[in-house]
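# Inside the fold
If you want the building blocks of each chain, they are given just below.
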Protein chains: 2
Amino acid sequence: MASVTKVRRARGERRRRELLEAALDVIDQRGVQATTHRAVAEAAGVPLATTTYYFESIDHLLEEALMLFVTEEAARLRALAERLRGTTASPAEIAADFARELAEGSPWERPLKRVQFELYLEASRRPRLREAAQQCVATYVELTEVALTAAGSPRAAEGARLFVALADGLGLHGSFAPSDRPHTPADLSAALTELFIPFAMGADERAAWAERLAEPRGGAAVAGGAPAADQTHGRGR
Amino acid sequence: MASVTKVRRARGERRRRELLEAALDVIDQRGVQATTHRAVAEAAGVPLATTTYYFESIDHLLEEALMLFVTEEAARLRALAERLRGTTASPAEIAADFARELAEGSPWERPLKRVQFELYLEASRRPRLREAAQQCVATYVELTEVALTAAGSPRAAEGARLFVALADGLGLHGSFAPSDRPHTPADLSAALTELFIPFAMGADERAAWAERLAEPRGGAAVAGGAPAADQTHGRGR
DNA sequence: GCAGAAGCTGGACAAAAGTCCAGCCTTTGT
DNA sequence: ACAAAGGCTGGACTTTTGTCCAGCTTCTGC
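The residue numbers shown here count from 1 along each chain, following its written sequence. For naming, the first written chain is A and the first written ligand is 1, with later ones following in the order written. Where local features are concerned, this predicted model is filtered to residues with pLDDT of at least 70; where side-chain atom pairs are given and counted, the filter is 80 or more; whole-chain, interface and lining totals use all residues. Remark: hydrogens and water are excluded; side-chain values derive from all non-hydrogen atoms of the structure.

- If you look chain A up in an unreviewed UniProt entry, it shows as DNA-binding transcriptional regulator YbjK from Conexibacter arvalis.

## Concerning the interface of chain A and chain B
- Contact with chain A, which involves 80 residues of that partner, is made by 80 residues of chain B.
- Summed over both partners, the accessible area lost on bringing two parts together, with a 1.4 Å probe, is the buried area. For the pair chain A and chain B, the summed buried area comes to about 6300 Å², and 62% of that belongs to carbon and sulfur atoms.
- Criterion for a salt bridge: a side-chain nitrogen of Lys or Arg within 4 Å of a carboxyl oxygen of Asp or Glu. Inspection of the region where chain A meets chain B yields six salt bridges.
- Residue E194(B) pairs with R206(A) through a salt bridge whose shortest N-O separation is 2.9 Å.
- Sorting the residues of the side of chain A that touches chain B by element identifies α1 (2-30), α5 (91-104), α6 (113-123), α7 (127-150), α8 (156-174), α9 (185-200) and α10 (203-214) of chain A as the ones contributing at least two each.
- Ranked by residue count, the leading element in the side of chain A that touches chain B is α8(A), at ten residues.
- Looking at side-chain class alone, the side of chain A that touches chain B contains 43 nonpolar, 21 polar and 16 charged residues. Any two residues whose heavy atoms approach within 4.5 Å at even a single point are treated as in contact. Runs of E in the DSSP output that reach at least two residues are strands. Runs of H or I that reach at least four are helices, and both are numbered from the N terminus. Under the convention adopted here, Pro, Cys and the residues Ala, Val, Leu, Ile, Met, Phe, Trp and Tyr are nonpolar, Asp, Glu, Lys and Arg are charged, and Gly plus all remaining residues are polar.

## Details of the pattern of salt bridges
- For the coordinates displayed, the defined rule picks out 36 salt bridges over all chains.
- Between R76(A) and E73(A) there is a salt bridge, with its nearest N and O atoms 3.0 Å apart. Pair noted here: R76(A) and E73(A) are both in helix α4 (residues 58-84), with a separation of three residues, about one helical turn. The pair formed by R76(A) and E73(A) is uniform in burial state, with each residue classed as buried.
- For the salt bridge of D97(B) with R100(B), the shortest nitrogen-to-oxygen distance reads 3.5 Å. Residue D97(B) and its partner R100(B) are both found in helix α5 (residues 91-104); the two are separated by three residues, about one turn of the helix.
- The class for D97(B) is buried, based on a relative accessible area of 17%. Categorising residues by exposure relies on relative accessible area from a 1.4 Å probe, with only protein chains included: less than 20% of the type maximum marks a residue as buried, more than 50% marks it as exposed, and the intermediate range marks it as partly exposed.

## With respect to the relation of the copies chain A and chain B
- We place the copies in one frame by least squares, fitting the C-alpha atoms of every residue whose pLDDT is at least 70 in both. Least-squares fitting of chain A to chain B yields an RMSD of 0.0 Å, with the transformation described by 0.0 Å of translation along the axis and a rotation of 180 degrees. In short, the pair behaves as if placed about a two-fold rotation axis.
- Comparing contact sets, 94% of the residues at the interface of chain A also lie at the interface in chain B, consistent with an isologous, same-surface contact.

## Comments concerning α4(A)
- Taking 1.5 Å of rise per residue, 27 residues should cover 39 Å, and α4(A) covers 39 Å from first to last C-alpha, within 8% of that figure.
- Of the residues flanking the end of α4(A), it is G86(A), one or two places downstream, whose phi is positive at about 80 degrees. By definition here, a helix of n residues has an expected span of 1.5 Å times n minus one.

## Considerations on the confidence of the model for chain A
Residues and elements named next belong to chain A.
- Confidence scores labelled pLDDT are given residue by residue by the predictor and lie between 0 and 100. The pLDDT averaged across chain A works out to 84; a share of 83% of its residues lies at or above 70.
- Within chain A, no element has a lower average pLDDT than α1, which sits at 80, and none a higher one than helix α2 (residues 37-44), at 97.
- Note that pLDDT drops below 50 for residues 219-237; the model gives that stretch 40 contacts with residues more than four away or on any other chain.

## Side note on the packing of α6(A) against α7(A)
All names here are of chain A.
- Their axes nearest at 8 Å, the elements α6 and α7 cross at an angle of 135 degrees. With respect to α7, the element α6 is oriented oblique. Crossing hand, α6 versus α7: left-handed. For the pair α6 and α7, contact is made by Q116, L119, Y120, E122 and A123 and by L129, R130, A133, C136, V137 and Y140, respectively.
- Classifying every residue of the contact of α6 with α7 gives eight nonpolar, one polar and two charged. Between N-to-C directions, angles span 0 to 180 degrees; the directions come from axes that are lines fitted to C-alpha atoms, helices contributing only their stretch in contact. Should an angle lie under 35 degrees it is considered roughly parallel, over 145 roughly antiparallel, and from 65 to 115 roughly perpendicular; all remaining angles are considered oblique. We call a crossing left-handed when the near helix sits turned anticlockwise from the far one by less than a right angle, and right-handed when that turn is clockwise.

See below:
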C-alpha cells in the first residue's frame, strides 16, 4: 500500500517535472504572461488537461517553474564554485572561466537566458516570487564571492553584488544586441576584469582613490595617474 | 479645409498620445503581455473602441508606446547631459548626481522603472522593437560618456557601456529587493564610483594592472598595492 | 482474474480579449 | 440654419484561454 502510492508518486513527479521544464521553455520563448496551459501542454507533448491536473492554476504552474529554475541554477553554480575554490589561476583566467560558464553552461541545451530576467520582472509584481528572485541573486552573489576570493580580492563580499549586477546588465543588453556586434563571453570577461581592479586593491590604495575622486577638479579632465598626488604615470600620453 | 484636418489631427494626436502614456502605465504595472485593449482604455478613461480606432492592433499600440518611452527618455537625459557638460564637480559628485537623476527623475510621476526592462525583454523577441531597445541603450551610453568625460575619464567611450550595464543590473535587482534593504541612489552612486576607478586611471597604470591580473598567483590573496612593482602609492602609508 | 481505487484525459463551458462596424455626434463651409 | 464629412463609440462577434468533470484506463492487492 505504501509502495503503491510511492510508485504512482514517482511517475507523477516525473510528469510534473517535465511540465515544469516545458513551462520554462515556453517562458523563455514567449514570456511569462504569454505562457498558457495550451502552450505548456503542447511543449511537453501531453494533453491539455494534464496541466490543470498537476497544478492548481496557471499561476501556480508559472511560479513553481520559476522556482525550479532557481534551484537548478543553484545546483549548476555549486559545481562551478567547487571548481574555483582553491584554484591558483590568475584573476584574468578566473574571470574568463567565470564568464564562459555564466554565459553558456546550463542544464538545458539553450541557456534559457531570458527566464532569469522574466523571473526578476515578474518578482517585482508578484510577492510570491520575490523570495525566489532574491534567492537567485543570492546564489549568484555567493558564487561570485567565491570567485573573487579565489582571484585574491580582499573585498570579495563587498564587491560580489556589483559583479552580478554588471553581468546581469550585460546579459540583458546582450539579449537584443545587433547580430553584427553580439555580446560574447569575452566581452563579459573583459568587463568583469575592469571591475575587478578596484576590488583587487589593498585597503589603503582604495582609500586613496576614494579621496582622490572626492576632490573637486579644476581642469576639464582628471589628470591621469594614481590617487596619490605625486604620482603622474599615464598623464599627458 | 486644410485647417479642418489640422484641428482634428491635433485633437487626434493628443488623444493618441494619452493612450500611449496610459499604455506605458499599464505596461509598468502589469507587464507588456498583460497589457490589453481594455486595460489601456480604462487607464486612459476612454471607451474600449478608442484603442482599436487609433491603433491598427494591440501589438502596434504596445510597440509604439515603448518607442515613445525611448524618445521621452532621450529628451529627459539630454537635459542632464547639458548640465554635466563642462561641470567642474568631483567625480564622486558627478556619480551622485548621475545616480539621483537615473533613479528618480522621470517625465511621469512614478519612474516607470519596469518599462525599460519590459522593453528590453520584449525586444529580444520582437524584431520590430530591437532598434528601439538598442537606441535606448545608446542614449544611456551617450549620456554616460558625457558624464565620464566630465568626471575626467581618459577612457569614457570605452567605459560607458559598462556603467550602463551596471546601473541597469542594479536597477533590475532593486525592483524586487527586500523592503528592509532597498536599493538607493546612494548604492548606485557607490557602485558607479567603484567602476570609475579603472576608468580614471591613465593608460600606463591601467596597462600595469592588466599585466598584474594576468599573472598566475601563488598565494591565497592578491597582495595589496599597486600593479607596477616599483610603484607603491597608497600602500601602507 | 477481479474489484476497487487512483491516474488521467476528451470535451465542454464560462470568462476574457481582440477586432469590427453601423450608426451617432461633432464640426464646418455655405 | 443646414447638410456633408468625418471622428468616435456602443455593442456584438470571434478567438483564445482557464478551468472543470464525467468517464475511461491502468494499476494493485487479493
